[in-house]
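Report on the structure
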Amino acid sequence: MLNLSCDAIFLADTHYNKQNITELKQILLDILDGRIKTSQLILLGDIFEDHDEPEKALKCYRSAADQNYADGLMNLGRCYWYGIGCNVDELKGVQLLEKSLGMGADDANYWLGMVYYFGGNEIKANGALAFKYFSAACEYGIAYAMKYVGHCYYLGLGTSKNKDKAREYYLEAVKRGIKDAVIAYAFVDCASIKIWGR
């Protein structure tokens, strides 16, 4: 089991607000009692990640993954892909993301979309796969994926260029709180604008 009690209590105290104090209290009680749920490990990992303590985040995600928790595997895959608390290992990251997706971690669609949209040193960018994974993530309401599907339609990446579809996805992303999608929406008709490094 993790030895994170003091750090977790401090970070949870600085991270939470009154809206989710009940959840925080339950997590702290579970930590003190030595009972921590896998979903709470993910939450603690997120808190550590938000507070620039990647090694502790990795430890939480790994512990959840060791219990075969799909979101733990997904976050562990993210860590290996981006080098969060560990050395970058793109192949292991993708393997864990794919495994988590097969176990029901729907958000892994978004992260796999990111993998194939940007590519890396070992995994090359692949527009068709990026579009496939981002589109699947949209079906689960993942707003950031909607922005990237818009990019795919705008650029013709993995699909045909379609400015109308690009606008549609950018607008939906904006409606769901992705503020930077409004810039892409506003400039769909400007052929010289480069979007997100492409």
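This one's a predicted model, so the numbers in the text were calculated from it and none came from an experiment.

Next up on the list: the overall build of the protein chain. If you tally the helices and strands in the protein chain, you get 11 helices and zero strands. Helices (α) and strands (β) of the protein chain occur, in sequence order from the N terminus, as α-α-α-α-α-α-α-α-α-α-α. Relative to its full complement of 198 residues, the protein chain shows a buried share of 44%.

Where helix α5 (residues 70-82) meets helix α6 (residues 90-102), the closest approach of the two axes is 7 Å, and the angle between their N-to-C directions is 160°. Relative to α6, the element α5 lies roughly antiparallel. As for the relative orientation of α5 and α6, their crossing is left-handed in sense. Here Ala70, Leu73, Met74, Leu76, Gly77, Arg78, Tyr80 and Trp81 of α5 lie close against α6, whose contacting residues are Glu90, Lys92, Gly93, Val94, Leu96, Leu97, Lys99 and Ser100.

The subject of this paragraph is the confidence of the model for the protein chain. Looking at the protein chain as a whole, its pLDDT mean stands at 85, while 77% of the residues score no less than 70. Within the model, pLDDT remains below 50 along residues 1-9, and this stretch shows 17 contacts once partners closer than five positions in the same chain are excluded.

What follows is about unusual backbone geometry. Positioned with a positive phi, Asp52 is a non-glycine residue whose angle comes to about 55°. Inspection of the secondary structure assignment puts Asp52 in the loop between α3 (38-50) and α4 (54-66). Even without a glycine there, the phi angle at Asn68 is positive, about 60°. Here Asn68 shows up in the loop between α4 and α5.

Here the focus is the nonpolar core. Counting residues in hydrophobic clusters, the biggest one holds 37 residues, and the most contacted among them are Val94, Tyr110, Val115, Tyr116, Tyr117, Phe134 and Ala145. Counting only elements with at least two residues in this core, the list comes to α5, α6, α7 (108-118), α8 (127-139), α9 (143-155), α10 (163-175) and α11 (181-186). Counting residues per element, this core draws most heavily on α9, which supplies eight residues. Apart from residues no more than four positions distant in its own chain, Ala145 is found in contact with Tyr110, Phe134, Ala137 and Cys138. Ranked by size, the runner-up nonpolar core spans 19 residues in total, among them Ile42, Cys79, Cys86 and Leu96.

At a minimum axis separation of 10 Å, α5 and α7 run at an interaxial angle of 15°. By the angle class used here, α5 and α7 are roughly parallel. Relative to α7, α5 is oriented so that their crossing is left-handed. Note on element contacts: α7 touches α5 through Ala108, Trp111, Met114 and Val115, opposite Met74, Arg78, Trp81 and Tyr82. Residues of the contact of α5 with α7, tallied by class, amount to seven nonpolar, no polar and one charged.

Right, let's talk about a nonpolar patch on the surface for a bit. Together, Val182, Ile183 and Phe187 line one region of the surface with nonpolar side chains, adding up to about 260 Å² of accessible area. Note on placement: Phe187 falls in the segment after α11.

The subject of this paragraph is the state of the cysteines. Counted according to the given criterion, the structure contains zero disulfides. Unpaired in this structure, Cys86 has its nearest cysteine sulfur neighbour in Cys79, at a distance of 5.8 Å. A relative accessible area of 19% means that Cys86 is categorised as buried. Here Cys138 is not cross-linked by a disulfide; its sulfur's nearest cysteine counterpart is in Cys152, at 9.3 Å.

This next bit is on α7. Because each turn of an α-helix spans 3.6 residues, side chains separated by three or four positions end up pointing in the same direction. Counting buried residues in α7 gives nine out of 11 residues, a clear majority hidden from the surface. Gly119 occupies a position one or two residues after α7 and carries a positive phi of about 70°.

Parameters and conventions
- Residues numbered from 1 in each chain as written.
- Predicted model: local features only at pLDDT ≥ 70, side-chain atom pairs only at ≥ 80, totals over all residues.
- Heavy atoms only, no water.
- Helix = DSSP H or I, 4+ residues; strand = E, 2+ residues; numbered from the N terminus.
- Buried < 20%, exposed > 50% of the residue type's maximum accessible area, 1.4 Å probe, protein only.
- Axes fitted to C-alpha atoms, helices over the stretch in contact; angles between N-to-C directions.
- Parallel < 35°, antiparallel > 145°, perpendicular 65-115°, else oblique.
- Left-handed = near helix turned anticlockwise from the far one by under 90°.
- Contact = heavy atoms within 4.5 Å.
- pLDDT = per-residue confidence, 0-100.
- Core = buried A, V, L, I, M, F, W, Y, C linked by side-chain atoms within 4.5 Å.
- Nonpolar A, V, L, I, M, F, W, Y, C, P; charged D, E, K, R; others polar.
- Patch = residues over 30% accessible without salt bridge, like charges linked within 9 Å, V, L, I, M, F, W, Y side chains within 5 Å.
- Areas by Shrake-Rupley, 256 points an atom, 1.4 Å probe, with all protein chains shown as cover.
- Salt bridge = Lys/Arg side-chain N within 4 Å of Asp/Glu carboxyl O.
- Disulfide = S-S within 2.5 Å.

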